[in-house]
Amino acid sequence: IEPIENYRESSYEFVKKVESLRPAGGKLCFCGIDRDAEALKYLINLPRNRYYIPVFVGLGKNEELLKLPTDTLIVFKSNKIKSVKPEVRKRLEELARGDLGHRECILYRLTK
């Protein structure tokens, strides 16, 4: 097993960027991201004082994102955003891009 520090090489900077934008107690959602892949790499790189349980929404059910509170931060793999329904996409504000486990991801904020 490799030390956790090795994961920081690919994911740490993106996680740091997201966490700087996520207010204390703010929700984070992963859409179309597997719990055992990129999401796990995200959680490994969380600062020690920032523990929470993220929300997971399947890409095929992306309309469920509209039920989340405004200002929820949502992470997508960059190659999956094209399959998001137009009514959902128009409520997403891009905030950041980065890698999670060598996969390019985009962070959005759910707007009103």
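Residues numbered from 1 in each chain as written. Predicted model: local features only at pLDDT ≥ 70, side-chain atom pairs only at ≥ 80, totals over all residues. Heavy atoms only, no water.

Colleague: Requested: an account of the overall build of the chain, with residues and values cited.
Modeller: When its secondary structure is counted, the chain shows three helices and five strands. In sequence order, the secondary structure elements of the chain are arranged as α-β-α-β-β-α-β-β. Relative to a compact globule of 112 residues, whose C-alpha radius of gyration would be 13 Å, the chain shows 13 Å and is just as compact. The principal-axis extent of the C-alpha atoms belonging to the chain is close to 40 × 30 × 20 Å. Residues classed as buried in the chain amount to 42% of the 112 residues present. Here the analysis covers contacts within the chain between residues at least 6 apart in sequence; of these, 67% occur between residues at least 24 apart. When the accessible area of the chain is evaluated, it comes to approximately 6800 Å², of which 49% is carbon and sulfur surface. In the chain, 22 side chains carry a positive charge and 16 a negative one; their mean positions are 5 Å apart. (Helix = DSSP H or I, 4+ residues; strand = E, 2+ residues; numbered from the N terminus. Rg over C-alpha atoms; globule rule 2.2 N^0.38 Å. Buried < 20%, exposed > 50% of the residue type's maximum accessible area, 1.4 Å probe, protein only. Contact = heavy atoms within 4.5 Å. Areas by Shrake-Rupley, 256 points an atom, 1.4 Å probe, with all protein chains shown as cover. Lys, Arg positive; Asp, Glu negative; His and termini not counted. Charge placed at Lys NZ, Arg CZ, Asp CG, Glu CD.)

Colleague: Mind laying out the sheet that holds strand S5 (residues 103-110), listing which residues take part and the relevant values?
Modeller: Sheets are built from strands that pair by backbone hydrogen bonding, the pairs being arranged parallel or antiparallel. If you walk across this open sheet you meet the five strands as S2-S1-S3-S5-S4, and the pairing is mixed. In this open sheet, the two edge strands, each paired with only one partner strand, are strand S2 (55-57) and strand S4 (92-100). Here the strands of the sheet are splayed against their neighbours by 25° on average, with no regard to which way each runs. When strand S3 (residues 73-77) meets S5, the two strands line up antiparallel, connected through five bridges. Bridge pairing links Lys-77 to Cys-105 in S5. (Pairing = 2+ DSSP bridges. Axes fitted to C-alpha atoms, helices over the stretch in contact; angles between N-to-C directions.)

Colleague: Which residues make up the side chain of Glu-38, and what values go with them?
Modeller: Looking at the element boundaries, Glu-38 is found in helix H2 (residues 38-44). Taking relative accessible area as the criterion, Glu-38 reaches 5% and is therefore assigned buried.

Colleague: Let's hear about the environment of Ala-24: which residues, and what values?
Modeller: Along the chain, Ala-24 turns up in the loop between helix H1 (8-21) and strand S1 (28-31). Sequence spacing of Ala-24 and Glu-87 is 63 residues, and the spatial spacing of their C-alpha atoms is 28 Å.

Colleague: Residue-level account of the nonpolar core, with values.
Modeller: For soluble globular proteins, nonpolar side chains are generally found buried alongside one another. In terms of nonpolar packing, the biggest core is built from 16 residues, with Phe-14, Leu-28, Phe-30, Tyr-42, Val-75, Leu-100 and Leu-107 touching the most fellow members. Those elements giving two or more residues to this core turn out to be H1, S1, H2, S3, S4 and S5. The element contributing the most residues to this core is H1, with three residues. Ignoring sequence-local partners within four residues, the contact set of Phe-30 consists of Ala-39, Tyr-42, Pro-54, Val-55, Phe-56, Val-57, Val-75 and Leu-100. (Core = buried A, V, L, I, M, F, W, Y, C linked by side-chain atoms within 4.5 Å.)

Colleague: I'd like to hear about the packing of aromatic side chains, residue by residue, with values.
Modeller: Remark: the centre distance and the inter-plane angle together describe each pair of aromatic rings, the angle taken between the planes. Counted according to the given criterion, the structure contains three aromatic pairs. When the ring of Phe-30 is compared with that of Phe-56, the centres are 5.5 Å apart and the planes differ by 25°; the resulting orientation is stacked. With a gap of 26 residues between them, Phe-30 in strand S1 and Phe-56 in strand S2 connect regions that are remote in the sequence. When its relative accessible area of 0% is taken as the criterion, Phe-30 is described as buried. Between Phe-76 and Tyr-108, the ring centres sit 5.7 Å apart and the planes meet at 80°, which makes this aromatic pair edge-to-face. Remark: Tyr-108 occurs in strand S5 and Phe-76 occurs in strand S3; sequence separation between them is 32 residues. Tyr-108 matches Phe-76 in its accessibility class, with the two residues each being buried. Grouped by ring-pair contacts, the aromatic residues Phe-30, Tyr-42 and Phe-56 constitute a single cluster. (Phe/Tyr/Trp six-rings, centres within 6.5 Å; stacked < 30°, edge-to-face > 60°.)

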